[in-house]
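Residue-level structure breakdown
This is what each chain is made of:
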Amino acid sequence: MAGSAPVRSVPTPDAPATGSGGGAESGQTTRAETRSSGRRDYGGRTASQRRAERRDRLMKAGLELFGTEGYPAVSIERLCATANVSTRNFYEEFPSREALLIALHEQNTVRAYEAVLAAVADALDAPMPERVSRAIRAYVSTAAADPRWTRIAFVEVVGVSPAVEAHRIQWRERLSQLVEAEAQLAISRGEATNRSFKLTSMAFFGAVNELVYNWSNNGRQVPLEDICAELTRLAVAVLTAP
C-alpha cells in the first residue's frame, strides 16, 4: 500500500498578505474578487467554475502522462498542451510538477484508504481472516483500478524529491496504523499473537507494493483475486505466527 499520517494537502506557496487590518483597501479587494469569481462568461460558467475545470483537466493530463510515460519524462509544457491550458494557468493551480504528482497520489490513496475503512466497518463481527481479506481486496481493487493509477501510486512517487517522499511515507505510516489496529482487535479476541506489529506492517506494505506493481506491469495476467488471496494468506500468517 502506500504510507500513512494525517492526510496532507498538496503543497502550495504561502498565501500573499491580504491586509489583516481590515481597512478600506482590503474590503475593496474582497468585493472585487467576489464580483470576479461570480461573473459568468458566455457559457454561463463562473470564474471559479472555469478554474475548477482547468484543474480537473490538469489532473487528467497528469494521470495520463505520468501514468504512461513516467514522471521524469513529462514537462510542464506537455502537461499544459495535453490539458489545453496555459503555463500561467498551471502555476495558478500547482506550484510545480511534483505538486501535481502529490495531488494525484493523494487522490488515489484517499480513495483506497476510505475503501478499506468501509470494508472493515462492514465486517466488525467477522472472523479475523475475513476482515483482513475484505480490507486487502478493497485496497488493491481501488488503488490499482487503472494501470496508470498503479504506476503513479507504486512507482512514480518513489524517490522523486524530499517533499514527495515525505508525503509517500506519511501515507505508508497511516495505512500501517490500520494494520496495527486490526492486529490489536484480533489480539483482544484471541485471534492473533500478542506482540508488536509495527515492523510487520511496514514489511507487509512492501509485499503489497511489489505484488501489485508486478501484477500491473506484466499485463495483469494473474487474476486480481489471486493477488488478494496471496496477500491475505501472508497477513493471516504473520498475525497468528508465534
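As the structure is a prediction and not an experimental result, all values here were calculated from the model. (Residues numbered from 1 in each chain as written. Predicted model: local features only at pLDDT ≥ 70, side-chain atom pairs only at ≥ 80, totals over all residues. Heavy atoms only, no water.)

**Describing the environment of Arg195**
Our working definition: Per the convention used, a helix needs a DSSP run of H or I reaching at least four residues, while a strand needs a run of E reaching at least two, with both numbered from the N terminus. The contact definition used throughout considers only heavy atoms, calling two residues in contact when any of these lie within 4.5 Å. Polar contact is defined as a pair of N or O atoms within 3.5 Å, subject to the rule that within protein one atom must be able to donate a hydrogen and the other to accept it, and that residues adjacent in sequence are counted only when both atoms are side-chain atoms.
Residue position: Arg195 is located in the loop between helix 8 (162–188) and helix 9 (198–217). With eleven residues separating them in the primary sequence, Arg195 and Gln184 have C-alpha atoms 9.0 Å apart. Beyond its immediate sequence surroundings of up to four residues, Arg195 is in contact with Gln184, Ile187, Thr200, Val238 and Ala241. There is a polar contact of 3.3 Å between the side chain of Arg195 and the side chain of Thr200.

**Things to note about the nonpolar core**
This is how the line gets drawn: By nonpolar core we mean a set of buried residues, namely Ala, Val, Leu, Ile, Met, Phe, Trp, Tyr and Cys, connected to one another through side-chain atoms within 4.5 Å. To sort residues, take the accessible area from a 1.4 Å probe on protein chains only and compare it with the maximum for the residue type: under 20% means buried, over 50% means exposed, and anything in between is partly exposed.
Ile136, Tyr139, Val140, Val212, Leu231 and Leu239 are the most contacted members of the largest nonpolar core, which has 31 residues in total. Put simply, the parts of the chain that give this core at least two residues each are helix 5 (97–121), helix 6 (128–143), helix 7 (147–156), helix 8, helix 9 and helix 10 (224–240). In terms of residue count, the dominant contributor to this core is helix 6 (seven residues). Excluding residues that lie within four positions of it along the chain, Leu239 makes contacts with Met128, Val132, Ala183, Ala192, Thr193 and Phe197. Counting residues in hydrophobic clusters, the runner-up holds 25 residues, among them Met59, Tyr71, Ala99 and Val157.

**Some thoughts on the packing of aromatic side chains**
Two descriptors summarise a pair of aromatic rings, namely the distance from one centre to the other and the angle between the planes of the rings. As a reminder, the rule being used: Think of it this way: a Phe, Tyr or Trp ring, Trp meaning its six-membered ring, pairs with another when their centres are within 6.5 Å, and the plane angle makes it stacked under 30 degrees, edge-to-face over 60, tilted otherwise. Our definition puts a charge over a ring when NZ of Lys or CZ of Arg is within 6 Å of the ring centre and also within 35 degrees of the ring normal.
Applying the stated criterion across every chain yields a total of five aromatic pairs. Measuring from centroid to centroid gives 5.9 Å for Phe90 and Phe94, while their planes differ by 45°, and the two rings are tilted. Phe94 matches Phe90 in its accessibility class, with the two residues each being buried. Measuring from centroid to centroid gives 5.4 Å for Tyr113 and Trp171, while their planes differ by 65°, and the two rings are edge-to-face. With Tyr113 in helix 5 and Trp171 in helix 8, the pair connects residues that are 58 residues apart, well separated along the chain. Trp171 carries the same exposure label as Tyr113, and that label is buried. Taken together, the ring pairs connect Phe90, Tyr91 and Phe94 into an aromatic cluster. In this arrangement the basic side chain of Arg97 is found over the ring face of Tyr71, its NZ or CZ atom lying 4.1 Å from the centre. Sitting above the plane of the Trp149 ring, Arg111 keeps its charged end 4.8 Å from the centroid.

**Overview of the packing of helix 5 against helix 8**
Short version of the rule: Each axis is a line fitted through C-alpha atoms, and for a helix only the stretch in contact is used; angles between axes span 0 to 180 degrees, taken between their N-to-C directions. Reported orientations rely on four angle classes, namely roughly parallel under 35 degrees, roughly antiparallel over 145, roughly perpendicular from 65 to 115, and oblique for the rest. Throughout, the ten residues Ala, Val, Leu, Ile, Met, Phe, Trp, Tyr, Cys and Pro are labelled nonpolar, Asp, Glu, Lys and Arg are labelled charged, and all others, Gly among them, are labelled polar.
Two elements in contact, helix 5 and helix 8, have axes separated by 10 Å at closest approach and are oriented at 5°. By the angle between their directions, the pair helix 5 and helix 8 is classed as roughly parallel. Where helix 5 approaches helix 8, its residues Glu98, Leu101, Ile102, His105, Glu106, Thr109, Val110, Tyr113, Val116 and Leu117 are matched on the opposing element by Ala163, Val164, His167, Arg168, Trp171, Arg174, Leu175 and Leu178. Across the contact of helix 5 with helix 8, the residue classes break down as eleven nonpolar, three polar and four charged.

**Brief notes about the side chain of Thr46**
The topology assignment puts Thr46 in the loop between helix 1 (24–38) and helix 2 (47–68). You can call Thr46 buried: its relative accessible area is 8%. A polar contact of 3.0 Å, which involves the side chain of Thr46, links it to the side chain of Ser48.

**Let's talk about the pattern of salt bridges**
Going by this rule: Throughout this description, the term salt bridge denotes a Lys or Arg side-chain nitrogen within 4 Å of a carboxyl oxygen of Asp or Glu.
Taken as a whole and judged by the stated rule, the model has 15 salt bridges. For the salt bridge of Glu191 with Arg131, the shortest nitrogen-to-oxygen distance reads 3.0 Å. Of the two residues, Glu191 sits in the loop between helix 8 and helix 9 while Arg131 sits in helix 6, which places them 60 residues apart along the sequence. Between Arg233 and Glu230 there is a salt bridge; the shortest N-O distance is 2.7 Å. Here the residue Arg233 and the residue Glu230 both occupy positions in helix 10, the gap between them amounting to three residues, near one helical turn. For Glu230, a relative accessible area of 40% gives the class partly exposed. Counted as one network, the salt bridges with shared partners bring together Arg51, Arg55 and Glu93.

**Observations concerning the side chain of Thr109**
Along the chain, Thr109 turns up in helix 5. Residue class for Thr109 comes out buried when judged on its relative accessible area of 3%. Polar side-chain contacts of Thr109 include one of 2.7 Å to the backbone oxygen of His105.

**Describing the confidence of the model for the chain**
Detail in the predicted coordinates should be disregarded across regions flagged by low pLDDT. The condition that has to hold: Scored from 0 to 100, pLDDT reflects the predictor's confidence in each residue.
Model confidence for the chain is summarised by a mean pLDDT of 83, while 82% of its residues fall at 70 or above. At the level of individual helices and strands, the chain shows its lowest average pLDDT in helix 1, which scores 42, and its highest in helix 3 (residues 76–83), which scores 97.

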